[in-house]
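Here is what each chain is made of, one letter per residue.
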Amino acid sequence: MMKNIIEQTESFIRKYGMIEKDDVVIAGVSGGADSVCLLFILCALRHKIGFQVMACHVNHGIRGAEADADEAFVKELCRQLDVPSRFFHKNVELIARKRKQSSEEAGRAVRREAFETMCREDGGTKIATAHHRDDNAETVLLNIARGTGLKGLCGIHPVRGKWIRPLLALGREQIEDWLREQKITWCTDATNAEDIYTRNRIRHNILPALREQVNEGAVRHLEELSVQAREVWEYLEQGTKQAWERCVSLPRTGEHKNEGQGSSTPVYGEAYGGLLIGREAFRHEMPAVQKQLLKVCLASVRGGEKDIGTVHLNALAELFDRQCGKELDLPGGVTAGRVYEGVALRKQAGEGRKISGNISSAAEKTKSRRETDGKSEEVRLNIPGVSSLPDGIHKVICRFVDAADADKAKEIPQKSYTKWFDYDIIKCSLSARTRQSGDYLVVDEKGSRQKLKSWFINEKIPRENRDKMLLIADGQHIVWIPGHRMSRACQISNRTEKILEIKITEDKKNVREDQSAGSGREG
């Protein structure tokens, strides 16, 4: 049986390319059955494959004399097997309190830090842990119970960078039977028998019930599920990386990690203070890719995936169909905002502090950015805020009005340079510009459209004046022709929840400025 289990593990190692010639493998050895088995198998294969083995043991300082006995056991075992070793002493309970973690969580972090330290200081190229098939089944069940997506179904990966799990194809019972057959002893951690830890409750209660009352092959089937999930996940990851290249860019404000490097495309998975997801490109991605891309983007801005849930990703996805200027607060001090190009994510300046105004992006923060498109010169409006027009004389002032004051709109003259709009109707960002091909007005409550060119003709607007007239536009939808009329689509009603006031002023002296509040009626 010894030959079989070693051959099985060697085959698994070679399948995933875990260990290569001249590698230095740092093995985590607690003294328990799993890690002792790992150490023996690695030692049996080290000369055949041509790698070195070193052992790392962490004394958590929790079990007193028992922990010291485990440490002594590992020292003697390493001496017998001629394996170099290092021993770390950590007060896990104190660390847990300082980091505000559970003892279980702090213990995992401390072990990981010790392995990384030894790997760095002792020339390690791989870190091997003794996770096996039953551990993987427990992980999958735990993730399902806590609420997971496809990633959680992947369970424990055989290889993650330099981290390897050579025993993942073996079961706990198989490991212990082999140790007994070879008359190899191991230490027993009394805390593993307690049900105070969630994983122990799954190990002692859930998995046995599945085996005995549902299907004796439950653990194997969970392993098969995790393998399939990993294959699908790898495919999804590749699709997400490609979608990142198509959809994601950095704000033109330069507030990002690679500032000054001249690149407008972020590197997948790196940390940035802000980024922009293009709406049109995003809409063409498959739903599964869309959701994963949003998660990667949010994690890149906030600095990690912790606390990012489905509810946050759904809310972020819905933002693409909201009008420009809409904002959303997300975990980790991140603000998402709907802008003309799509959705912008930005790390808030202070923890928990909401950034007022529009999200900082190329379209929303640059106050007087001009674009030329044929005959049109365009300025995106700051909402709320002040936008200067290209002539250097006129300004457009935008502010929100309390919906409770909607009745005052009836008192407003039809022709005015201050108007009120139903902001919930706005689909894109508003801009001040001259006419463009395809512009239209909504002329009645049924939503009937009229081409702007036809309106000019019907109103007998002189041809020489048409290219000079100022328009307030929502994409190709002309919501207001100042001094003339506004679109019927944006009139406020008893269903209006958010009112936007737009006022056009002049800086010239002796020019009358209309201070009245417009209703959203024609004019």
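Given the structure is predicted, the values throughout are model-derived calculations rather than measurements. (Residues numbered from 1 in each chain as written. Predicted model: local features only at pLDDT ≥ 70, side-chain atom pairs only at ≥ 80, totals over all residues. Heavy atoms only, no water.)

1. Things to note about the packing of helix 2 (residues 33-49) against helix 8 (residues 172-181)
Across the interface, helix 2 lies against helix 8 with an axial gap of 10 Å and an inter-helix angle of 65 degrees. As for how helix 2 packs across helix 8, the hand of that crossing is left-handed. Counting all contacts with helix 2, which are made through Ala33, Asp34, Val36, Cys37, Phe40 and Ile41, the residues of helix 8 involved are Ile175, Glu176, Trp178 and Leu179. Considering only residue class, the contact of helix 2 with helix 8 consists of eight nonpolar, no polar and two charged. (Axes fitted to C-alpha atoms, helices over the stretch in contact; angles between N-to-C directions. Helix = DSSP H or I, 4+ residues; strand = E, 2+ residues; numbered from the N terminus. Left-handed = near helix turned anticlockwise from the far one by under 90°. Contact = heavy atoms within 4.5 Å. Nonpolar A, V, L, I, M, F, W, Y, C, P; charged D, E, K, R; others polar.)

2. A closer look at the packing of helix 4 (residues 92-99) against helix 5 (residues 103-121)
Axis separation between helix 4 and helix 5 bottoms out at 9 Å; the angle between their running directions is 105 degrees. In this view, helix 4 runs roughly perpendicular relative to helix 5, as classed from their interaxial angle. Only Ser103, Ala106, Gly107, Ala109, Val110 and Glu113 of helix 5 make contact with helix 4, whose side of the interface consists of Val92, Glu93, Ile95, Ala96 and Arg99. Looking at the contact of helix 4 with helix 5, its residues break down into six nonpolar, two polar and three charged. (Parallel < 35°, antiparallel > 145°, perpendicular 65-115°, else oblique.)

3. Structural notes on the sheet that holds strand 1 (residues 24-28)
Within a beta sheet, neighbouring strands are joined by backbone hydrogen bonds and run either parallel or antiparallel to one another. Spatially, 3-2-1-4-6-5 is the arrangement adopted by the six strands of the open sheet, whose pairing is mixed. The sheet is open, and its two edges are formed by strand 3 (85-89) and strand 5 (159-160), each paired on a single side. Across five bridges, the pairing between strand 2 (residues 52-59) and strand 3 is parallel. The residue of strand 3 that forms the bridge with Val58 is Phe88. Set on the sheet, helix 3 (residues 65-81) makes contact with strand 2 and strand 3; between it and strand 2 the angle comes to about 170 degrees. This element, helix 5, spans strand 1, strand 2, strand 3, strand 4 (126-128) and strand 6 (163-164) of the sheet and lies at about 145 degrees to strand 2. (Pairing = 2+ DSSP bridges.)

4. Section: the pairing of strand 2
Counting buried positions over the eight residues of strand 2 gives seven, a clear majority of the element. Bridge count between strand 1 and strand 2: five bridges; the pairing is parallel. Pairing of Ile26 across the sheet is with Met54, part of strand 2. After leaving strand 1, the chain enters helix 2 and then returns to the sheet as strand 2, a path that is right-handed. (Buried < 20%, exposed > 50% of the residue type's maximum accessible area, 1.4 Å probe, protein only. Right-handed = clockwise from strand over helix to strand, strands pointing away.)

5. Observations concerning the environment of Gln323
Tracing the chain through its elements places Gln323 in the loop between helix 13 (310-318) and strand 9 (327-330). A sequence separation of 17 residues divides Gln323 from Tyr340, and the C-alpha atoms of the two residues are 8.8 Å apart. Not counting chain neighbours up to four residues away, the residues in contact with Gln323 comprise Arg338, Tyr423, Asp424, Ile426 and Lys427. There is a polar contact of 2.9 Å between the side chain of Gln323 and the backbone oxygen of Tyr423. (Polar contact = N/O pair within 3.5 Å; in protein donor to acceptor, adjacent residues only side chain to side chain.)

6. Description of the confidence of the model for the protein
When the pLDDT values of the protein are averaged, the result is 81; 84% of them are 70 or greater. Taken together, the stretch residues 253-263 has pLDDT below 50 and engages in 21 contacts with residues farther than four places along the chain or on a different chain. pLDDT under 50 marks residues 509-522. Its contacts with residues more than four places away, or in other chains, come to 41 contacts. (pLDDT = per-residue confidence, 0-100.)

7. Considerations on the state of the cysteines
What we call a disulfide is simply a covalent bond connecting the sulfur atoms of a pair of cysteines. Taken as a whole and judged by the stated rule, the model has zero disulfides. Cys78 takes part in no disulfide bond, and the closest cysteine sulfur, belonging to Cys43, lies 8.0 Å away. Given a relative accessible area of 2%, Cys78 falls into the buried group. (Disulfide = S-S within 2.5 Å.)

8. Here's the deal with the packing of aromatic side chains
Two descriptors summarise a pair of aromatic rings, namely the distance from one centre to the other and the angle between the planes of the rings. Under the counting rule described, the total for this entry stands at seven aromatic pairs. Centroid distance Phe115 to Trp163: 6.0 Å. Interplanar angle 55 degrees. Geometry classified as tilted. Of the two residues, Phe115 is situated in helix 5 and Trp163 in strand 6; the sequence distance between them amounts to 48 residues. The two residues Phe115 and Trp163 agree in class, both being buried. Look at Trp244 and Tyr268: their rings are 5.5 Å apart centre to centre, the planes differ by 80 degrees, and that puts the pair in the edge-to-face class. Separated by 24 residues along the polypeptide, Trp244 in helix 10 (residues 218-247) and Tyr268 in the loop between strand 7 (248-249) and strand 8 (274-278) bring together distant segments of the chain. Residue classification places Trp244 among the buried residues on the basis of a relative accessible area of 1%. Here the guanidinium or amino end of Arg380 rests over the ring plane of Tyr340, the centre of that ring lying 4.0 Å away. The ring of Phe400 has Lys498 lying over it, and the distance from NZ or CZ to the ring centre is 4.3 Å. (Phe/Tyr/Trp six-rings, centres within 6.5 Å; stacked < 30°, edge-to-face > 60°. Lys NZ or Arg CZ within 6 Å of the ring centre and 35° of its normal.)

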